[in-house]
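Topology and contacts: notes
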Amino acid sequence: MTAQPDHHETIPPMRTLAELRTALGVWGLPGDLDKFEKELAQADLDDLTRVREITQAYRHRVLLRCDPQAMAALMRSTQDVAFELGQKMTETGKRR
């Protein structure tokens, strides 16, 4: 597992593929960098839309890992989310 930097640091630069690779190596989940490389290698590099989709998806993963609130939301249990949703639905039903 990769060592995770302090969440209070700024978002790492990801303007180039090299910077994105570095960010994935530090902030990514185990295997993210390898998956990124595999997807990029399989893509037609002349298909800029596909290359952009791949890079944006992995940038988004890094951004989520840099955001403590996003990580807290991702760590919530299904039961917790279902309970909260049920509470909100009940409250909405009472207002009508």
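This report concerns the structure included in the present document.

What counts and what doesn't
- Residues numbered from 1 in each chain as written.
- Predicted model: local features only at pLDDT ≥ 70, side-chain atom pairs only at ≥ 80, totals over all residues.
- Heavy atoms only, no water.
- Helix = DSSP H or I, 4+ residues; strand = E, 2+ residues; numbered from the N terminus.
- Buried < 20%, exposed > 50% of the residue type's maximum accessible area, 1.4 Å probe, protein only.
- Contact = heavy atoms within 4.5 Å.
- Salt bridge = Lys/Arg side-chain N within 4 Å of Asp/Glu carboxyl O.

1. Considerations on the overall build of the protein
- When you go through the protein residue by residue, the secondary structure sums to five helices and zero strands.
- Scanning the protein from its N terminus toward the C terminus, one meets helices and strands in the order α-α-α-α-α.
- For the protein, buried positions account for 22% of its 96 residues.
- In the protein, the share of contacts with a sequence separation of at least 24, taken over all contacts with a separation of at least 6, comes to 40%.

2. With respect to the side chain of Thr-55
- Within the fold, Thr-55 resides in helix α3 (residues 48-66).
- Taking the relative accessible area as the measure of exposure, Thr-55 reaches 15% and is therefore buried.
- With residues up to four places along the chain from it excluded, the contact list for Thr-55 reads Leu-17, Leu-20 and Phe-36.

3. Some thoughts on the pattern of salt bridges
- Per the counting criterion, the structure on display carries eight salt bridges.
- Between Glu-53 and Arg-50 there is a salt bridge whose closest N-O contact spans 3.3 Å. Here Glu-53 and its partner Arg-50 are both found in helix α3, three residues apart, which amounts to about one turn of the helix.
- Overall, Glu-53 belongs to the partly exposed group, its relative accessible area being 40%.

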